[in-house]
Amino acid sequence: LLMGVINLSERRGAFVSAVTHELRTPLTTFRMYAEMLADGMLSDPAQRQKYLQTLRVEADRLWHLVENVLAYAQLERGNRNGRHEVLTVHQLLVRVQPRLEDRARLSQMKLEIDVGEAVGGQMVRTDPSAAEQILFNLVDNACKYATMADDSRIHIDTRLCETRVDFSVKDHGPGISDKASRQLFRPFSKSVDDAA
């Protein structure tokens, strides 16, 4: 029991630390740009518009972070009762594609979705909101860490695998080190380079 309590306490500490770190960047940008706009420091309308667009992007980033925190809290409480639907893979991708393309466009990247006819017509039972959030998180990571790659494409591929459909998201970024890959699925872990 004591080890369980200690483990839970450590996980909560890591959670708070990770969320605080992730909140700090957009909030700092918000504060700085809002002060500059409020104090009339920008007389050029084009520059003001650019700052307002940045504020919109940071607002989307904050919204995305809050949605992830809420989803994680639901999972921690064991609440996995999403709204499941039966739809085709094609219908699912049509539903999520605009949001994913918008995110890629913000980073001057291009989203390419490859779904074969056999896979596209395959019926799946899923929670479309959860599927969208997972794909968005992966595309968002590609946008963050592969922006300097020579090839700016992000690929979403689908494959029929016995009783399920597999989705893969690939980019042309640098990848992660062997050391970081060992911590890949630990909650709230980042490599030293990413944290910096």
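Everything discussed here concerns the structure shown above.
Residues numbered from 1 in each chain as written. Predicted model: local features only at pLDDT ≥ 70, side-chain atom pairs only at ≥ 80, totals over all residues. Heavy atoms only, no water.

**Q** Just to check I follow, could you spell out the side chain of Thr-158 for this structure?
**A** Mapped onto the elements of the fold, Thr-158 is located in strand β4 (residues 153-161). Judged by relative accessible area, Thr-158 falls into the buried class, the value being 13%. (Helix = DSSP H or I, 4+ residues; strand = E, 2+ residues; numbered from the N terminus. Buried < 20%, exposed > 50% of the residue type's maximum accessible area, 1.4 Å probe, protein only.)

**Q** Help me understand the nonpolar core in this model?
**A** Nonpolar side chains in soluble globular proteins tend to be buried together. Ranked by size, the top nonpolar core spans 21 residues in total, and within it Leu-100, Leu-111, Val-139 and Ile-154 carry the most contacts. Breaking this core down by element, the ones donating at least two residues are α3 (89-106), α5 (128-145) and β4. When neighbours within four sequence positions are excluded, Ile-154 is seen to be in contact with Ala-104, Met-109, Lys-110, Leu-111, Glu-112, Val-139, Ala-142, Cys-143, Val-169 and Lys-170. If you look at the next biggest cluster of nonpolar residues, it comprises 5 residues, including Tyr-33, Met-36, Leu-42 and Leu-55. (Core = buried A, V, L, I, M, F, W, Y, C linked by side-chain atoms within 4.5 Å. Contact = heavy atoms within 4.5 Å.)

**Q** How should the side chain of Thr-29 be read in this particular structure?
**A** The residue Thr-29 is located in helix α1 (residues 2-38) in this model. If sequence neighbours within four positions are ignored, Thr-29 has contacts with Thr-54, Leu-55 and Glu-58.

**Q** Any chance you could explain the layout of surface pockets here in plain terms?
**A** In this approach the atoms are scanned with a rolling probe the size of a water molecule, which exposes any empty space left behind. Size it by volume and the second largest pocket reaches roughly 240 Å³. Contributing to the lining of the second largest pocket are Leu-92, Val-124, Arg-125, Thr-126, Ala-131, Ile-134, Leu-135, Leu-138, Arg-164, Val-165 and Phe-167. At the level of secondary structure, the elements contributing two or more residues to the lining of the second largest pocket comprise β3 (123-126), α5 and β5 (164-170). In terms of residues, the lining of the second largest pocket owes the most to one element, α5, which gives 4 residues. Among the residues forming the lining of the second largest pocket, the class breakdown is 8 nonpolar, 1 polar and 2 charged. (1 Å grid on protein atoms, 1.4 Å probe; cavity = no way out; pocket = protein on both sides within 12 Å on 5 of 7 lines; lining within 4 Å. Points joined across faces, edges and corners; volume = space filled by probe spheres on them. Nonpolar A, V, L, I, M, F, W, Y, C, P; charged D, E, K, R; others polar.)

**Q** Explanation requested: the packing of aromatic side chains in the structure shown.
**A** The geometry of an aromatic ring pair comes down to the distance between the two centres and the angle between the two planes. Per the stated rule, a full pass over the model turns up 1 aromatic pair. Ring plane angle 15 degrees and centroid distance 4.0 Å describe the contact between Tyr-33 and Tyr-51, whose orientation is recorded as stacked. Of the two residues, Tyr-33 is situated in helix α1 and Tyr-51 in helix α2 (residues 45-76); the sequence distance between them amounts to 18 residues. The burial state of Tyr-33 is the same as that of Tyr-51; both residues are buried. Lying over the aromatic face of Phe-136, Arg-99 brings its terminal NZ or CZ to 3.8 Å of the ring centre. (Phe/Tyr/Trp six-rings, centres within 6.5 Å; stacked < 30°, edge-to-face > 60°. Lys NZ or Arg CZ within 6 Å of the ring centre and 35° of its normal.)

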